[in-house]
Amino acid sequence: EAVEIYTVVDGVKTADPDYVKEAPTLRKVTYDEVAEIAHLGANVVHPRAAEIAMHYNIPLWVKSTFTDDEGTEIVPRASFPGRRATGVTHTGKLVYLQFDLHDAADEHRIQLEGRIYETLARYGINLFMLILSPTSTGFAVPRSQYPIVQDVFDGLVVPMADKIYICQMGERPSPKVETQAALLGGIGDVHRITASLTEGCTMVSLIGHEFMQQAGLFLNVLTSLHQNQINVLQTTDSEFSLSVLVPEADTHRAVRVLHERFGLEKVV
């Protein structure tokens, strides 16, 4: 008939209480919103729990094990319509990689991108903030998984019909890359695909229901962070969220700035 999830907090909050002590509890939130909140870093509900409940229209509650607080009711979108900001989330420690494909032939670029993402999927790497452009592709990976990414891609050889591509992690080639390039130089035309690295960063996301479509939102987020000297390294968005990649040292400030700027301390 219903599912009640009991946890250490009294429901789904507008932000991590360790980052925003006064973050209020959301009394009602949609399946879509809580799934987005969970996907983007909050641990109060597993994303699949929200998705399964939504699929079968099962009433879902998040409550505290230690209090009698009414908690958060998670409902279908039709039961709780309206444009609003729901919360601010953050991920853990990330490494951002940008693969430079400007030296790749046009007919090879799509194949190279496919090989990159196929390899990441094969090793079960979690990806954040995927960016595609005519000359590059980029994404963030958890720092805990980066050693696997480095080991797999540094020196990876991708042969094409008339060219050979070698992946290089970072601006300085490793002995593995140099050795591969020397060995393959006599076989064909060798080109390097360099992945620039940005370490020590995290993703902070503003979550909203029918909120992301309003004019000026992106400017509002960037201006708020700029005014507080928080450097934005990359951005991405979806139907229910707008995310920014920021230095890890600025995570607390970025969460608090966005929480305050969008009036989330008044949400109930």
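Our structure is the block above this text.
Residues numbered from 1 in each chain as written. Predicted model: local features only at pLDDT ≥ 70, side-chain atom pairs only at ≥ 80, totals over all residues. Heavy atoms only, no water.

(A) Up close: the environment of Val-141. Along the chain, Val-141 falls in strand β8 (residues 136–142). For the pair Val-141 and Ser-238, spaced 97 residues apart in sequence, the C-alpha to C-alpha distance is 18 Å. In this view, Val-141 contacts Lys-93, Leu-94, Val-95, Leu-97, Ile-125, Asn-126, Leu-127, Tyr-146 and Val-149; residues no more than four positions away in its chain are not counted. (Helix = DSSP H or I, 4+ residues; strand = E, 2+ residues; numbered from the N terminus. Contact = heavy atoms within 4.5 Å.)

(B) Structural view of the pattern of salt bridges. Tallying each qualifying case throughout the model produces 13 salt bridges. Between Arg-27 and Asp-69 there is a salt bridge, with its nearest N and O atoms 2.6 Å apart. Residue Arg-27 is found in the loop between β1 (3–7) and β2 (28–30), and its partner Asp-69 is found in the loop between β3 (60–64) and β4 (72–75); the two are separated by 42 residues along the sequence. When the shortest N-O distance is used, the salt bridge between Arg-48 and Glu-51 registers 3.3 Å. Of the two residues, Arg-48 and Glu-51 both sit in helix α2 (residues 47–56), three residues apart, roughly one turn of that helix. (Salt bridge = Lys/Arg side-chain N within 4 Å of Asp/Glu carboxyl O.)

(C) Layout of the sheet that holds β3. If you walk across this open sheet you meet the four strands as β1-β3-β4-β2, and the pairing is mixed. Of all the strands in the sheet, just β1 and β2 have a single pairing partner and so form its edges. Adjacent strand axes in the sheet meet at a mean angle of 25 degrees, parallel and antiparallel pairs treated alike. Judged from the five bridges that link them, β1 and β3 form a sheet pairing that is parallel. Bridge pairing in β3 places Ile-5 opposite Val-62. Together, β2, β3 and β4 form the strand contacts of helix α1 (residues 31–39), whose direction differs from that of β2 by roughly 80 degrees. (Pairing = 2+ DSSP bridges. Axes fitted to C-alpha atoms, helices over the stretch in contact; angles between N-to-C directions.)

(D) Looking closely at helix α6 (residues 217–227). For α6, the full list of buried residues reads Leu-217, Val-221, Ser-224 and Leu-225. Buried residues of α6 fall within an arc of 95 degrees about the axis and therefore sit on the same side. Exposed and facing more than 90 degrees away from the buried side of α6 are Leu-219, His-226 and Gln-227. Taken together, the buried residues of α6 touch β11 (190–209), β13 (241–247) and α7 (251–261). With its phi angle positive at about 55 degrees, Gln-229 sits one or two positions after the end of α6. (Buried < 20%, exposed > 50% of the residue type's maximum accessible area, 1.4 Å probe, protein only. Arc of directions from axis to C-beta.)

(E) Expanded view of the packing of α1 against α2. For the pair α1 and α2, the least separation of the axes is 8 Å and the interaxial angle reads 165 degrees. As summarised for this structure, α1 and α2 are arranged roughly antiparallel, according to the angle between their axes. Like other packed secondary-structure pairs, α1 and α2 cross with a definite hand, here left-handed. Residues Tyr-31, Asp-32, Val-34, Ala-35, Ala-38 and His-39 of α1 form the contact with α2, whose own contacting residues are Pro-47, Ala-50, Glu-51, Ala-53 and Met-54. Taken together, the residues of the contact of α1 with α2 sort by class into eight nonpolar, one polar and two charged. (Parallel < 35°, antiparallel > 145°, perpendicular 65-115°, else oblique. Left-handed = near helix turned anticlockwise from the far one by under 90°. Nonpolar A, V, L, I, M, F, W, Y, C, P; charged D, E, K, R; others polar.)

(F) Examining the pairing of strand β10 (residues 164–169) more closely. Across the six residues that make up β10, a large majority, six, are buried. Two elements, strand β9 (residues 157–159) and β10, share three bridges in a ladder whose sense is antiparallel. Pairing of Val-157 across the sheet is with Ile-166, part of β10. What sits between β9 and β10 in their antiparallel hairpin is a turn of four residues.

(G) Focus on unusual backbone geometry. Residue Asn-57 is not a glycine yet carries a positive backbone phi of 55 degrees. Its place among the elements puts Asn-57 in the loop between α2 and β3.

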